[in-house]
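Here is what each chain is made of, one letter per residue.
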Amino acid sequence: MKSILIIVYLFLSFYEVANAQKEAEMVKAIFDEALTDQTAYENLRYLCKNCNGRISGTKQLEKAVDFTFQVMNSMNLDRVEKQPVQVPYWERGEKEIGSIQSAKFGNKSVPVTALGMSVGTGSNGLTAEVMETRSFEELKQLGKQNISGKIVFFNEPMNPRLINTFAAYGGAVGQRTQGASEAAKYGAVGVVVRSLTTSLDDFPHTGMLSYNELVPKIPAIAISTNGANLLSDWLKNDPELKFYFRTTCEIHPNAPSFNVIGEIKGSEYPDQIITIGGHLDAWDTGEGAHDDGAGCIQSIEVLRLFKKLGIQPKRTIRAVMFMDEEISQSGGKEYAQQAELKNEKHYFALEADRGGFTPRGFGISAPDERIEKFLELRSYFEPYGITQFTTGGGGADIGPLRMFGTVLSSFVPDMQRYFDYHHSPNDTFEQVNFRELQMGSAAMASLIYLVDVLDL
Ligand SMILES: [Zn+2]
């Protein structure tokens, strides 16, 4: 009896080892194919060069919808769909102007950009004295007597000591999202925010603000980091200097748009869905290459790799180009709402929205027993230098799937350069490296393959 058990045990472990080898070979085949095929890179080039400026509500974004639909439609997938969704429509208007006007040092124009959803200054622009601050606490202490009638200049830099640049961003982003309304509470007439990047350059970085409906809406812009340093320096020696800026932004009624979805039907569990996605909209001042053209194109590339290598998934694999992540995440919410209406089972979701850089690993949010198995996947990725498998994953677009108990994961590429490009005119196709992009595509495809084949 004992010897039979040993034989059965040996047989099972041989079987496991043989299978693990088969899976490792498939992972190798995925990387080989990704690193020797230009399709994804050329798709990203097209998206960046022909659909640049694709913020919600724009024609450029509808071009991106049509392009990604056509790409997936030509891939012999089982289903390609445009899922309707209503999106906000904010228009930047004319090119913004900003300048420092100092009786001591003269006038100096500086690179500025309106913050998303900001009201405009009107065609005459706005001129006022400037009050610099680093925090809402400081703002409160300055109070109405120091702020009323002035432009508040939020100059808190991203903390360069933090290795996790997303944490540094998170620590400073409040001045961009809430600064205008916080300053308006004390009678400020406008807001200038230091760009959220750790690099010192001349690119202003835009991004969303949200107004508190209880206080007046005042116009807000971002200033480049070099511009912010100059303004701060001049203020030290000339506190009476004035800042001028002019923006003509407008908010229009919501506009119709789409999530774009392509899928390969599962062979064993077609009603269990694995979603991979990025967001198709991007800030209008750049090409949206890293944020988030890369994540979209990599998601499509996962499907191409499966088709090319003849991987027939057990579960249904969907690539989703989510709409409107940057302003109101209406695409992600609509996707989850439709899933609920159709009673879909969402098994696993992976979001790629951290740029097309060298992959470092994945983050995951799941019940403990599934997390343990997930963390063990690391061994398949070690040969490719991808070793950071951590708890805590998800993203703005797949987040709403949490209500179904879906396992949520995020693709984590290297994060040191992301904020050099994020939301700025510097986020162009040229900043994306072919190998980095495709190492990421291969890592994502491998993860999805393993999650599906190992029933993780
Ligand atoms: Zn993004």
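Anything mentioned here points back to the structure above.
Residues numbered from 1 in each chain as written. Predicted model: local features only at pLDDT ≥ 70, side-chain atom pairs only at ≥ 80, totals over all residues. Heavy atoms only, no water.

Asks: Sorry if this is basic, but what is going on with the overall build of the protein chain here?
Replies: Helix and strand content of the protein chain: 14 helices and 16 strands. Along the three orthogonal principal directions, the C-alpha set of the protein chain runs to about 95 × 45 × 40 Å. Each of the 456 residues in the protein chain was classed as buried or not, and the buried ones make up 57%. Nonlocal contacts in the protein chain, meaning residues at least 24 apart in sequence, comprise 82% of its contacts between residues at least 6 apart. By element, 52% of the accessible surface of the protein chain is carried by carbon and sulfur atoms, the whole surface being about 18900 Å². The distance from the centre of the 44 positive side-chain charges to the centre of the 57 negative ones in the protein chain is 1 Å. (Helix = DSSP H or I, 4+ residues; strand = E, 2+ residues; numbered from the N terminus. Buried < 20%, exposed > 50% of the residue type's maximum accessible area, 1.4 Å probe, protein only. Contact = heavy atoms within 4.5 Å. Areas by Shrake-Rupley, 256 points an atom, 1.4 Å probe, with all protein chains shown as cover. Lys, Arg positive; Asp, Glu negative; His and termini not counted. Charge placed at Lys NZ, Arg CZ, Asp CG, Glu CD.)

Asks: Honestly, the coordination of the zinc ion in this entry has me stumped. Any pointers?
Replies: Put simply, a metal with four donors set out as a tetrahedron has ideal angles of 109.5 degrees, and one with six donors set out as an octahedron has ideal angles of 90 or 180 degrees. Surrounding the zinc ion are the protein donor atoms H279 (NE2), D291 (OD), D353 (OD) and D353 (OD), which sit 1.9 to 2.7 Å from the metal. Metal-centred angles of 52 to 148° between the four donor atoms at the zinc ion mark the site as irregular. (Donors = N, O, S within 2.8 Å, 3.2 Å for Na, K, Ca; no water. Tetrahedral: all angles 85-135°; square planar, octahedral: opposite > 155°, others 65-115°.)

Asks: Got a minute to help me understand the pairing of strand β8 (residues 220-223) in this structure?
Replies: Each regular strand carries side chains that alternate between the two faces of the sheet. Burial along β8 is two-sided: A220 and A222 facing one way and I221 and I223 facing the other are all buried. As paired elements, strand β4 (residues 112-114) and β8 share three bridges and run antiparallel to each other. Note on β8: the bridge partner recorded for A114 is I221. In terms of strand pairing, strand β7 (residues 190-194) meets β8 through four bridges, oriented parallel. Residue pairing across strands places V193 opposite A222, the latter belonging to β8. (Pairing = 2+ DSSP bridges.)

Asks: Just to check I follow, could you spell out the pairing of β7 for this structure?
Replies: Counting buried positions along β7 yields five of five residues, so the element is predominantly enclosed. Neither face of β7 is left uncovered, since the one carrying G190, V192 and R194 and the one carrying V191 and V193 both have all their residues buried. Strand direction decides the pairing type here: strand β6 (residues 151-154) and β7, joined by four bridges, are parallel. The partner of F154 across the bridge, within β7, is V193.

Asks: So what exactly am I meant to see when it comes to the side chain of E301 here?
Replies: Position of E301 among the secondary structure elements: in helix α9 (residues 289-308). Side-chain polar atoms of E301 contact the side chain of R304, separated by 2.9 Å. (Polar contact = N/O pair within 3.5 Å; in protein donor to acceptor, adjacent residues only side chain to side chain.)

Asks: How do you make sense of the packing of α9 against helix α14 (residues 434-453) when you look at a structure like this?
Replies: Two measures define how a pair of helices packs: the angle their axes make with one another and the distance between the axes. Running from N to C, α9 and α14 cross one another at 55°; their axes reach a closest spacing of 9 Å. Judged by the inter-axis angle, α9 sits oblique to α14. Between α9 and α14 the crossing geometry is right-handed. When α9 is examined against α14, the residues A294, Q298, S299, E301, V302, L305 and F306 are found in contact with a partner set consisting of L437, Q438, G440, S441, A442, M444, A445, I448 and Y449. (Axes fitted to C-alpha atoms, helices over the stretch in contact; angles between N-to-C directions. Parallel < 35°, antiparallel > 145°, perpendicular 65-115°, else oblique. Left-handed = near helix turned anticlockwise from the far one by under 90°.)

Asks: It is not clear to me how the packing of aromatic side chains should be interpreted in this structure. Could you clarify?
Replies: How two aromatic rings sit relative to each other is given by the distance of their centres and the angle of their planes. Under the defined criterion, the tally for this structure stands at 20 aromatic pairs. Considering the side-chain rings of F374 and F389, the 5.7 Å spacing of their centres and the 55° angle between planes classify their relative orientation as tilted. Here F374, found in helix α11 (residues 368-376), pairs with F389, found in strand β15 (residues 388-391); they are 15 residues apart in sequence, far enough to count as distant. Residue classification places F389 among the buried residues on the basis of a relative accessible area of 10%. By way of ring pairs, the aromatic residues F166, Y169, F357, Y418, F419 and Y421 are connected into one cluster. Between R370 and the ring centre of Y347, over which it is positioned, the NZ or CZ distance is 4.6 Å. (Phe/Tyr/Trp six-rings, centres within 6.5 Å; stacked < 30°, edge-to-face > 60°. Lys NZ or Arg CZ within 6 Å of the ring centre and 35° of its normal.)

Asks: Looking at this structure, how should I read the nonpolar core?
Replies: Ranked by size, the top nonpolar core spans 72 residues in total, and within it M72, L280, F348, F362, F381 and L447 carry the most contacts. Per-element tally for this core: the top contributor is α14, with twelve residues. Contacts of F348, omitting those with residues within four sequence positions, involve I273, I274, T275, I364, T406, V407, S409, L447, I448 and V451. L142, A183, Y211 and I218 belong to the second largest nonpolar core, which has 20 residues in total. (Core = buried A, V, L, I, M, F, W, Y, C linked by side-chain atoms within 4.5 Å.)

Asks: Honestly, the pattern of salt bridges in this entry has me stumped. Any pointers?
Replies: Side-chain pairing between opposite charges can occur once the charged atoms of the two side chains come close. Scanning the model with the defined rule gives 28 salt bridges in all. Between R79 and E81 there is a salt bridge, with its nearest N and O atoms 2.7 Å apart. On the basis of relative accessibility, which here comes to 30%, the residue R79 falls in the partly exposed class. What makes E81 buried here is its relative accessible area of 17%. R360 is paired through a salt bridge with D414; the nearest N and O atoms lie 2.8 Å apart. (Salt bridge = Lys/Arg side-chain N within 4 Å of Asp/Glu carboxyl O.)

Asks: For this particular structure, what's the right way to read the packing of helix α2 (residues 39-50) against α14?
Replies: Packing of α2 against α14 brings their axes to within 10 Å, and their N-to-C directions diverge by 115°. Accordingly, the angle class assigned to the pair α2 and α14 is roughly perpendicular. Crossing of α2 against α14: the hand is right-handed. Here A40, Y41 and L44 of α2 lie close against α14, whose contacting residues are F434, L437 and Q438. Of the residues in the contact of α2 with α14, the class split is five nonpolar, one polar and no charged. (Nonpolar A, V, L, I, M, F, W, Y, C, P; charged D, E, K, R; others polar.)

So, to be careful, I would describe these as geometric facts and stop short of saying anything about function.
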